[in-house]
Amino acid sequence: MVTKAEQRSAQAAEFYVYRLRKQFDEVSARTFPTGQSSVQKVLNLVDGLLKTAEKRLTPSRNNPQTAATIEDAFDCAREAYYLLQLMEGSDVSDLDHSAVSPMQRWFTGLVSPQRTIFFRAENVANYEIRSIDKISYSGIRKRSPALTKAISAIRWPLTRVTVPTRALSILPHLSIVAHELGHVIYRGSPANSIESAVNSALVANKPRIDIAFQQFLVHAQNHLGTKFDARLVATIGNRILFGASGRSAGWHEEIAADAIAFALTGPAIFFALSDMLSFISKSDLYSQSHPPTYLRRKFLFELLGSQKYDFVGMIEKHLGEDVTQDFNSPLMPALRNRDDLFVAFENRVGSEMAAVLSGLPIVVEVTGPIVCEAVQNHFDSRPKFRKHRYTPNKFGNDLDNYLVPVLAGVPPIETGNDLSNLEAAEFATILNVGWIALLCRLQDFMPKAAQSSLPNGEKSESLHRLLIKAVELSEIKRQWDEI
Amino acid sequence: MGSSTMKQNVPSASNNWSKAGVLSGVEVKKRLSLEDENRLVISPILEMHEQIRDDQASVDVRLGSQFVLTQPSALGEINEFSEFHYLADNRLYQELYIPIGRNIVIHPHQFLLATTLEYIRLPQDLMCYVVGRSTWGRLGLIIATAIGVHPGFSGTLTLELRNLGETPLRLFPGQTIAQLFFHGVETDENSRQSTSQYPAAVELFPKRISSQTTKKKIGRFIEANQTDKHP
């Protein structure tokens, strides 16, 4: 027997579930981008949760209503609501429909074809990756068959990538998604793990790193005086560099993810990250989760101009432009000297953490390039990764083949010499040609057309629409050829 | 497109291209292969042998994924001479993206805007006509009312679809929807150089009805007329 209060609670649950069902119907009716098959799996999960809740709220001889059944219904409804919230922004009205397929392909090609991952856009100036564990559903009793089926159809953990929407959904910025993918690859299965390759490289360079770490400790001691505890400072420093556990990213993982994005998209990630990071923050202060922006840009710039991947030379050769570290981010503040940084951090995070944060760049200046090199070696030595690398040769060919046409109003859609056997242009091609056109040749965009007299904002938008069209049509071409 | 992409510094391939006349399938393919400013761009052509036949004089184009439904609103009328002309007001339109594999139904007497799947760029010595395919015509589907495309145009072609039949028609992006007939335009070098290109058109919304001069002059007539009536 349920009490009066429990009856009232059951009524509330029914009302709640009824409204969730309506919300679910409305979300289901939306159009999701091609390639978002994972969204259907999430919708099936919501449906399964709601069916379980509805069943638990329908008393029968075998299922008498009790406080436990009401609680179960609430649990299911809560999870369903949470999932619907997670999915906000994943339909075509918020998310650029054409860009989803190539991003999805990065994940399926480099992580796992079965990986259940979906993209959504949010009105934020940030990119984020989030994993949702199966464990959330393990406590649900008497699951509906639909819920059981939906849970088993997902390759856990369910992964969601957030990209900005509206004004900040600038197509070439989407190379930052390759950075988010970098996190997943970094933590990949042990056999393929870049994390172990990075750690091996760090061990191989231990003597150099130890010297830097000693300097870091001296810096901390200078500022902490009698409060200095070498073991504690070292522990905090290592936690920031390597992450608190396997689940949270450390500075090294962030740098590795940048380097993975570089391998996949070449100069595009340097331009995108420089632009985005300058926009997000005017401050040179950083956090425990991310290394200083200035250093991230520096490491990418070093990769860009390295002898092995001489994109800088390629840009100079094709465009006659000097490529500098602040190429498109002159407003990004340089890193202050570490004593000033300590003072700036102290008010925010206390003296102990301030000593660690302000001193760690000494170590990362040494480890960052090692991390980057280990990632590049990993990409070059494994065919699965190598075929996704965006090389300076590709970049040079792309500039040769596509830059002039783009400026004349022809988007990069196909590639090849034989008219009857053309292939779809690569996403990285469109991102890079797009960046170069936007940054270096905007004044040459459709010079005879009405656009030539437009303000730069409108002209950029016109070029941007062309790039979006390129992605849409190259993806259609690819899918058509593959089916 | 690879080495077949238009190169800026390559001189014009031939002066014979601009002979007026409708291009055959063979001529169209030659134009697609050029690497200079006379190159014709139609991209992507998903099935070359089906869309361009050597013995025919047209190129089949497909229905794209972008659609715009016009919808009733409580706004005033569209009047380009009014301060609030509503011409490209998105309250009058509903944009839809229908991926390949999905579909949209056009009901009897319904009007909607669509695009070709192919991106097109016409050189300065070619224009083209957009003509509906006869099969669709027999079903009552009219695909375009503005059928001439001028030299220098670049973009996807906007199709103004209207179902004049009595039966709803289910349309699938990727279906061949229209055909393009390419026609040479006699130009001399001077007029070619001074001819403005059309911008890279990938949006479906109408932008303007009259040219600036026409709009200004009719505007003056309207003003004078109003002054006469209300001295």
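**Overview of the overall build of chain A**
1) Next: Looking only at helices and strands, one finds 18 helices and 5 strands in chain A.
2) Next: Relative to the globule expectation of 23 Å for 483 residues, the C-alpha radius of gyration of chain A, 26 Å, shows essentially globular dimensions.
3) Next: Dimensions along the principal axes, computed over C-alpha positions, put chain A at roughly 80 × 75 × 45 Å.
4) Next: Every one of the 483 residues in chain A was classed for burial, and the buried ones make up 54%.
5) Next: For chain A, the proportion of contacts with a sequence separation of at least 24, taken over those separated by at least 6, is 81%.
6) Next: Summing over all exposed atoms, chain A offers an accessible surface of approximately 20,800 Å²; the carbon and sulfur share of this is 51%.
7) Next: In chain A, which carries 53 positive and 52 negative side-chain charges, the distance between the mean positions of the two groups comes to 7 Å.

**With respect to the confidence of the model for chain B**
Any residue range with low pLDDT should be treated as having predicted coordinates unsuitable for detailed reading.
All names here are of chain B.
1) Next: Looking at chain B, the pLDDT average stands at 82 and 81% of residues meet or exceed 70.
2) Next: Across chain B, the element-wise mean pLDDT spans from 54 in helix α4 (residues 189-194) up to 97 in strand β10 (residues 169-171).
3) Next: Overall, residues 1-15 carries pLDDT values under 50, and its contacts beyond four positions in sequence, including any with other chains, amount to 55 contacts.

**Observations regarding the pattern of salt bridges**
1) Next: Here the structure, examined in full by the defined rule, presents 29 salt bridges over all chains.
2) Next: Across the salt bridge formed by A:Lys298 and A:Glu365, the nearest N and O atoms sit 3.0 Å from each other. Of this pair, A:Lys298 sits in helix α12 (residues 293-305) while A:Glu365 sits in helix α14 (residues 338-381), placing them 67 residues apart in sequence.
3) Next: Note that B:Asp125 and B:Arg31 form a salt bridge whose closest N and O atoms lie 2.7 Å from each other. Note that B:Asp125 is positioned in the loop between β5 (111-121) and β6 (126-132) and B:Arg31 in helix α1 (residues 25-33), a separation of 94 residues in sequence.
4) Next: Given the relative accessible area of 0%, B:Arg31 is considered buried.
5) Next: When salt bridges that share partners are traced, they join A:Arg21, A:Asp47, A:Lys51 and A:Glu54 into one network.

**Some words on the side chain of A:Ser274**
Residue and element names in this part refer to chain A.
1) Next: On the secondary structure map, Ser274 appears in helix α11 (residues 267-280).
2) Next: Classification of Ser274 as buried rests on a relative accessible area of 2%.
3) Next: A distance of 2.6 Å separates the side chain of Ser274 from the backbone oxygen of Phe270, its partner in a polar contact.

**Regarding the packing of aromatic side chains**
Residue and element names in this part refer to chain A.
1) Next: Applying the stated criterion across every chain yields a total of 18 aromatic pairs over all chains.
2) Next: Taken together, a centroid distance of 6.4 Å and an interplanar angle of 45° make the contact between Tyr16 and Phe74 tilted. Of this pair, Tyr16 sits in helix α1 (residues 4-28) while Phe74 sits in helix α3 (residues 67-87), placing them 58 residues apart in sequence.
3) Next: The class of Tyr16 is partly exposed, set by a relative accessible area of 30%.
4) Next: Ring centres of Tyr286 and Phe345 lie 4.9 Å apart, and the angle between their planes is 75°; this geometry places the pair in the edge-to-face category. Of this pair, Tyr286 sits in the loop between α11 and α12 while Phe345 sits in helix α14; the two residues are 59 residues apart in sequence, bridging distant segments of the chain. There is no split in this pair, since Tyr286 and Phe345 are both buried.
5) Next: Following the ring pairs from residue to residue traces out a cluster consisting of Phe262, Tyr309, Phe311, Tyr390 and Phe395.

**Observations regarding the environment of B:Ser65**
1) Next: With respect to the helices and strands, the residue B:Ser65 is situated in strand β2 (residues 59-70).
2) Next: A C-alpha to C-alpha distance of 7.7 Å links B:Ser65 and B:Ala114, two positions 49 residues apart in sequence.

**Concerning the environment of A:Ile468**
All names here are of chain A.
1) Next: Here Ile468 shows up in helix α18 (residues 456-482).
2) Next: For Ile468, a relative accessible area of 13% puts it in the buried group.
3) Next: Distance from Ile468 to Tyr402, taken between C-alpha atoms, is 15 Å for residues 66 residues apart in sequence.

**Notes on unusual backbone geometry**
1) Next: Of note, the bond from A:Trp156 into A:Pro157 is cis; its omega dihedral lies within 30 degrees of zero at 0°.
2) Next: Take A:Pro157: it is sitting in the loop between α5 (145-153) and β3 (158-164).
3) Next: The linkage connecting B:Ser43 with the following residue, B:Pro44, adopts the cis geometry, with an omega of 0°.
4) Next: Phi at A:Lys142 is positive, roughly 45°, even though this residue is not glycine.
5) Next: The topology assignment puts A:Lys142 in the loop between β2 (128-132) and α5.
6) Next: Among the residues examined, A:Lys142 registers a relative accessible area of 52% and is labelled exposed.
7) Next: The phi angle at B:His109 is positive, at roughly 70°, despite the residue not being glycine.
8) Next: Assignment of secondary structure puts B:His109 in the loop between β4 (104-106) and β5.
9) Next: Exposure remark for B:His109: the relative accessible area of 43% places this residue in the partly exposed category.

**Points about α11(A)**
1) Next: Between the first and last C-alpha of α11(A) there are 20 Å, a value that for 14 residues agrees with the 20 Å anticipated at 1.5 Å per step.
2) Next: Every buried residue of α11(A) is accounted for by A:Pro267, A:Ala268, A:Ile269, A:Phe270, A:Phe271, A:Ala272, A:Leu273, A:Ser274, A:Met276 and A:Leu277.

**Concerning the nonpolar core**
1) Next: One finds A:Leu171, A:Leu174, A:Val177, A:Ile194 and A:Ile436 to be the most contacted residues of the largest nonpolar core, which totals 129 residues.
2) Next: With 20 residues, α14(A) is the largest single contributor of residues to this core.
3) Next: Counting residues in each nonpolar core, the second largest holds 40 residues, with A:Leu419, B:Val61, B:Leu122 and B:Ile143 among its members.

**Remarks on the pairing of strand β9 (residues 154-163) of chain B**
Residue and element names in this part refer to chain B.
1) Next: Most of β9 sits inside the fold, with 8 of its 10 residues counted as buried.
2) Next: When β5 meets β9, the two strands line up antiparallel, connected through 8 bridges. Within β9, the position partnered with Ala114 by the bridge is Leu159.
3) Next: Looking at chain direction, strand β7 (residues 141-142) and β9 are connected through 2 bridges and run antiparallel. Within β9, the residue paired with Ile142 across the bridge is Arg162.
4) Next: Pairing geometry for β9 and strand β12 (residues 200-201), over 2 bridges, is parallel. Paired with Gly155 across the strands is Ala201, a residue of β12.

Definitions and limits used
- Residues numbered from 1 in each chain as written.
- Chains lettered and ligands numbered in written order.
- Predicted model: local features only at pLDDT ≥ 70, side-chain atom pairs only at ≥ 80, totals over all residues.
- Heavy atoms only, no water.
- Helix = DSSP H or I, 4+ residues; strand = E, 2+ residues; numbered from the N terminus.
- Rg over C-alpha atoms; globule rule 2.2 N^0.38 Å.
- Buried < 20%, exposed > 50% of the residue type's maximum accessible area, 1.4 Å probe, protein only.
- Contact = heavy atoms within 4.5 Å.
- Areas by Shrake-Rupley, 256 points an atom, 1.4 Å probe, with all protein chains shown as cover.
- Lys, Arg positive; Asp, Glu negative; His and termini not counted.
- Charge placed at Lys NZ, Arg CZ, Asp CG, Glu CD.
- pLDDT = per-residue confidence, 0-100.
- Salt bridge = Lys/Arg side-chain N within 4 Å of Asp/Glu carboxyl O.
- Polar contact = N/O pair within 3.5 Å; in protein donor to acceptor, adjacent residues only side chain to side chain.
- Phe/Tyr/Trp six-rings, centres within 6.5 Å; stacked < 30°, edge-to-face > 60°.
- Expected span 1.5 Å × (residues − 1).
- Core = buried A, V, L, I, M, F, W, Y, C linked by side-chain atoms within 4.5 Å.
- Pairing = 2+ DSSP bridges.

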